[in-house]
Amino acid sequence: MDANSTTDAPSVDPIQEAREELGPLPRPENSAALGSHLRDGGAHFAVWAPRASRVELALVAEDRSQRNHDMTRGDDGVWSVFVPGVEAEQCYGYRVHGDWEPPQGKRFNPARLLLDPYARAITGGVDYNGPILDHPSHDDYELDPTDSLMAVPLSVVVAPSPPPKPVDRRRPMSETIVYEAHLKGMTQLHPAVPEHLRGTYAGLAYPAVIEHLLDLGVTAIQLLPVQHFVSEPFIVGRGLSNYWGYNTLGFFAPHAAYSAVGTLGHQVTEFKDMVSAFHEAGIEVILDVVYNHTGEGGHEGPTLSFRGIDHAGYYRLTDDLHNDYDVTGCGNSVDTSQPGVLDLILNSLRYWVTDMGVDGFRFDLATELIRDEQHHVDQNHPFKQAFRNDPVLSQVKLIAEPWDMGPYGYQVGQWGQDWSEWNDRFRDYTRDYWRSQVAGVRELATRLSGSSDVFNHGGRPVTSSVNFITAHDGFTLRDVVSYNDKHNEANGEDNRDGHSDNRSWNCGAEGDTDDEAVTALRHRQAKNLMGTLVLAAGVPMLTAGDEMGRTQQGNNNAYCQDSPISWVHWDTREEWGDLYEFTRNLLRLRAQHPVLRPEVFREAEEIVDDEGADLGRKEVYWFAEDGPMTDGHWNDDGRRSLGMYVSDEDDAFLVWHNSSGNGTTLTLPSEPWAEHWKVVASSGVPGEHAAEYAAGAQVELHGHSLLMLQATFRDDEIEQVGTAGSDEEE
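Since the model is a prediction, treat every value here as computed from it, not as a measurement. (Residues numbered from 1 in each chain as written. Predicted model: local features only at pLDDT ≥ 70, side-chain atom pairs only at ≥ 80, totals over all residues. Heavy atoms only, no water.)

Below, the discussion takes up the overall build of the protein chain. Counting its regular elements, the protein chain contains 17 helices and 32 strands. Taking 27 Å as the expected radius of gyration for a compact globule of 730 residues, we find that the protein chain reaches 28 Å, a close match to that expectation. C-alpha extents for the protein chain along the principal axes are approximately 100 × 75 × 55 Å. Entry remark: accessible area of the protein chain is about 27,100 Å², with carbon and sulfur atoms responsible for 46%. The positive charge centre, built from 56 side chains, and the negative charge centre, built from 116, are 1 Å apart in the protein chain. (Helix = DSSP H or I, 4+ residues; strand = E, 2+ residues; numbered from the N terminus. Rg over C-alpha atoms; globule rule 2.2 N^0.38 Å. Areas by Shrake-Rupley, 256 points an atom, 1.4 Å probe, with all protein chains shown as cover. Lys, Arg positive; Asp, Glu negative; His and termini not counted. Charge placed at Lys NZ, Arg CZ, Asp CG, Glu CD.)

Applying the stated criterion across every chain yields a total of 41 salt bridges. A salt bridge links D335 to R316, with the shortest nitrogen-to-oxygen separation between them at 3.6 Å. Separated by 19 residues along the polypeptide, D335 in the loop between α7 (306–314) and α8 (339–354) and R316 in the loop between α7 and α8 bring together distant segments of the chain. A relative accessible area of 1% places R316 in the buried class. A salt bridge links D428 to R427; its shortest N-O distance comes to 2.8 Å. With a relative accessible area of 22%, R427 lands in the partly exposed category. Each of D215, R573, E581, R584 and R588 takes part in a single network of salt bridges with overlapping partners. (Salt bridge = Lys/Arg side-chain N within 4 Å of Asp/Glu carboxyl O. Buried < 20%, exposed > 50% of the residue type's maximum accessible area, 1.4 Å probe, protein only.)

As summarised here, the arrangement of the 8 strands in space is β12-β13-β16-β17-β18-β19-β20-β21, forming a closed barrel in which the pairing is parallel. This sheet shows a mean twist of 25 degrees between the axes of neighbouring strands, independent of strand direction. Note that strand β12 (residues 178–181) and strand β13 (residues 220–223) share 4 bridges and pair parallel. Its bridge partner lying in β13, V178 is registered against A220. Each of β20 (465–468) and β21 (539–543) touches helix α14 (residues 516–535); the most contacted strand, β21, lies at about 145 degrees to it. (Pairing = 2+ DSSP bridges. Axes fitted to C-alpha atoms, helices over the stretch in contact; angles between N-to-C directions. Contact = heavy atoms within 4.5 Å.)

Counting 164 residues, the largest nonpolar core has F45 and F363 as the members making the most contacts within it. With 19 residues, the next largest nonpolar core counts M173, I286, W403 and A537 among its residues. (Core = buried A, V, L, I, M, F, W, Y, C linked by side-chain atoms within 4.5 Å.)

Moving on, we come to the domain arrangement of the protein chain. One widely used convention gives an interface's size as the accessible area the parts lose upon coming together. Considered domain by domain, the protein chain is made up of domain 1 (21–157) and domain 2 (603–712). Computed from C-alpha coordinates alone, the two centres of domain 1 and domain 2 are separated by 64 Å. (Domains from an automatic or database assignment.)

The subject of this paragraph is the sheet that holds strand β30 (residues 692–694). Ordered by their spatial adjacency, 7 strands build an open sheet running β25-β24-β26-β27-β32-β29-β30, and the pairing between neighbours is antiparallel. Of all the strands in the sheet, just β25 (627–628) and β30 have a single pairing partner and so form its edges. Where strand β29 (residues 676–682) and strand β32 (residues 705–712) come together, 6 bridges link them in antiparallel fashion. Along β32, the bridge assignment pairs S682 with L707. Against the sheet, helix α10 (residues 424–434) engages β26 (641–647), β27 (652–658) and β32, with an angle of about 65 degrees to β27. Contacts from helix α16 (residues 577–592) reach β29 and β32 within the one sheet, and its direction differs from that of β29 by about 130 degrees.

With that out of the way, let us pick up a negative patch on the surface. Taken together, D610, E611, E649 and D650 make up a surface patch of like negative charges. Topologically, D610 is positioned in the loop between β22 (606–608) and β23 (614–618). (Patch = residues over 30% accessible without salt bridge, like charges linked within 9 Å, V, L, I, M, F, W, Y side chains within 5 Å.)

On to unusual backbone geometry. Going from E671 to P672, the amide bond is cis rather than trans, its omega being 10 degrees. Notably, E89 is not glycine yet its phi reads approximately 80 degrees, a positive angle. Structurally, E89 is set in the loop between β6 (78–84) and β7 (91–97).

What follows is about the UniProt feature "domain: Glycosyl hydrolase family 13 catalytic" (unreviewed entry) in the protein chain. Those places that UniProt annotates as "domain: Glycosyl hydrolase family 13 catalytic" (unreviewed entry) correspond, in this numbering, to residues 188–590. The span residues 188–590 carries 32% helix and 10% strand; its end-to-end C-alpha distance comes to 31 Å. (UniProt positions renumbered as here; feature names shortened; annotations may be inferred.)

Right, let's talk about the layout of surface pockets for a bit. Within this model, the largest pocket holds a volume of roughly 1,200 Å³. W244, E401, D473, H499 and N557 are the residues nearest the centre of the largest pocket, which is lined by 37 residues in total. A total of 4 residues in the lining of the largest pocket trace back to one element, the largest contributor, which is α10. Considering only residue class, the lining of the largest pocket consists of 12 nonpolar, 13 polar and 12 charged. (1 Å grid on protein atoms, 1.4 Å probe; cavity = no way out; pocket = protein on both sides within 12 Å on 5 of 7 lines; lining within 4 Å. Points joined across faces, edges and corners; volume = space filled by probe spheres on them. Nonpolar A, V, L, I, M, F, W, Y, C, P; charged D, E, K, R; others polar.)

What follows concerns the environment of G549. Here G549 lies in the loop between β21 and α15 (572–575). In this structure, the C-alpha to C-alpha distance between G549 and R478, residues 71 residues apart in sequence, is 5.4 Å. Once residues lying within four places of it in the same chain are set aside, the contact partners of G549 are R478, T572, W576 and L579.

Right, let's talk about the pairing of β7 for a bit. Counting buried positions over the 7 residues of β7 gives 7, a clear majority of the element. Strand direction decides the pairing type here: β7 and strand β11 (residues 154–156), joined by 2 bridges, are antiparallel. Along β11, the bridge assignment pairs C91 with V156.

This part is about empty space enclosed by the protein. Taken as a whole and assessed by the stated rule, the structure comprises 4 cavities of 30 Å³ or more. Its volume calculated, the largest cavity comes out at about 140 Å³. Among the secondary structure elements, those contributing two or more residues to the lining of the largest cavity are β12 and α2 (183–187). Across the lining of the largest cavity, the residue classes tally to 7 nonpolar, 6 polar and 2 charged. Lining the second largest cavity, in full, are R431, W434, R435, V480, V481, R503, S504, W505, C507, Q525 and L529. For the lining of the second largest cavity, the secondary structure elements donating two or more residues are α10 and α14. Class assignment for the residues of the lining of the second largest cavity results in 6 nonpolar, 2 polar and 3 charged.

At a closest axis distance of 10 Å, the pairing of α10 and α14 adopts a crossing angle of 145 degrees. Between α10 and α14 the crossing geometry is right-handed. Of α14, the residues touching α10 (which contributes F426, T430, R431 and W434) are Q525, N528, L529, T532 and L533. Of the residues assigned to the contact of α10 with α14, the class counts are 4 nonpolar, 4 polar and 1 charged. (Left-handed = near helix turned anticlockwise from the far one by under 90°.)

Secondary-structure assignment places T543 in strand β21. Owing to a relative accessible area of 4%, T543 belongs among the buried residues under this scheme. Spatially, the C-alpha atom of T543 lies 10.0 Å from that of I221, the residues being 322 residues apart in sequence. T543 has contacts with E180, T470, A471, H472 and R550, leaving out every residue within four places of it along the chain. Reaching out from T543, the side chain makes a polar contact with the side chain of T470 at a distance of 2.9 Å. (Polar contact = N/O pair within 3.5 Å; in protein donor to acceptor, adjacent residues only side chain to side chain.)

Right under this line is the structure:
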């Protein structure tokens, strides 16, 4: 080529240029200073907005008039200002300036008054008919300059207050009984809670509620989201609301609507008082937290905080930098590959432990939190690394919902030693087993043993598995045995929403019935499912109200039902008292006998006494009706009954499961397995069992039933006892 020839300069790819500009963004040098903090006769405000060209602090008066203050940018992308004279309960927001270039992930619009991501309290709601989008409804590439001041919630300056009373002892996971509850729904219909406290933090801490949990045997209450959340516009448009709360807007702020006394910081102290009340009763508090997405939805949705501060900084975007990369099904996915965003999440978690007193977390769609900058799943992600040596977070309970909706999102069994995980395979198989839709009992043994096929690797404990039959999402326990099909008509989507694969059995009639035989079978099946849950190795999780027959009338997707459909009805406890007593009895047995709550996977080891003498029995063993299980029994796909024997030096129990509608005769094992047996729990018909049996005796195991017997080994230990919690007392 001639030296004097010229060529066109290479074209610049604006998307690639924008991507290079994106990251990694500077990390805040002192993220503890973010948010608003009272000091020196005023308040210091700081927000991380590394790509903004200007940030204004707007102090908002009660009449919604504003005083704006320009903030100063630091090298780390943090904008800050100190304002003298600011006091607690001051409302505020941010106006963030910058380029409006949606194709490059820049959606800065100073007409939007934005919440502080570090706000300790939030007041006010969203006017869904107001200018809450950053664009006109007809074009999401065009900026809408209309001021959103009157249509959005506000951040609140909160005065420091003492942390809650700590629990005397955080229990190991092997001793933990998790009770998943909705804060409002738990007390909205509680007859003993004062009306003005129902549905609030104070209402949940009311003595009658705590007494119920203690009587039942609960050790940890796991609250559906209580970080401040909003409803999605499409739900509001149907006249409903986001009841469950999986649509977070404030990661540091307790949900304002759950406060009985006010929303200008009062919700903070009321939450702390609630935690103190639980801790004084010895009950731990676990929060279900939603860091995987926010309540802003996709970029066509409202701009209330994060998107306006930095769309491409806080959220994962597709390669075109315009659309959200959504692995949550909720419109957006928080980008934990950005160090400043990861700091936000970790600081939030530390705040809820140190300042708000909580004892653990259940992470919604946790896999999203461990995706890297290419959105690939990374089990060695900095998010997980941060927990290992953190002096605060390494001391609390960590429970993962180990999946999201993206590629390779199903990560059950992969979270490592420090984590427990929701075990959906336990839920699905147990439901299938009790409706006799299984091949044999091989998998039953695996699930009862803690799902060793999923979790017994890398030195993980058996408590890695959080076992559950029901959760907030899906049928209640009563509905599992009362409905074959979902009935979600009240949700306004023509019953199209929610899963159709419920693995349920209505026992012969769909929904409520006067048929006494069907009703009796449902009570038995509910006990069978509950007994399998409580007695399996792992951590049992109960759903609020299941112990007393709560129903949602077949609705398996009640996320938008802030109504009697979702609330706990305390008057069902009378009709379903047998289920309550059965559950209570099993939880007490589990608490009293360590052999029923192992910490490690059992390996059929021989049991020896203190002097090393072999006692002739094993820590786990399996029985058929006439003796030990054989290869023929294990390979019989028609088999529906199985006896699980568990033992240590002091105790031994034999739990029989029979999902067949047909009864069978058992020959109870003789020495060395036991000298005598006594029934301690039964789901069967009233009066079917005597209290005690000699070893080798024959016992009828009825169809659709669970039978639990305790072994005794010396005559002087035999006591004439009843079967507390079994059907003889019904």
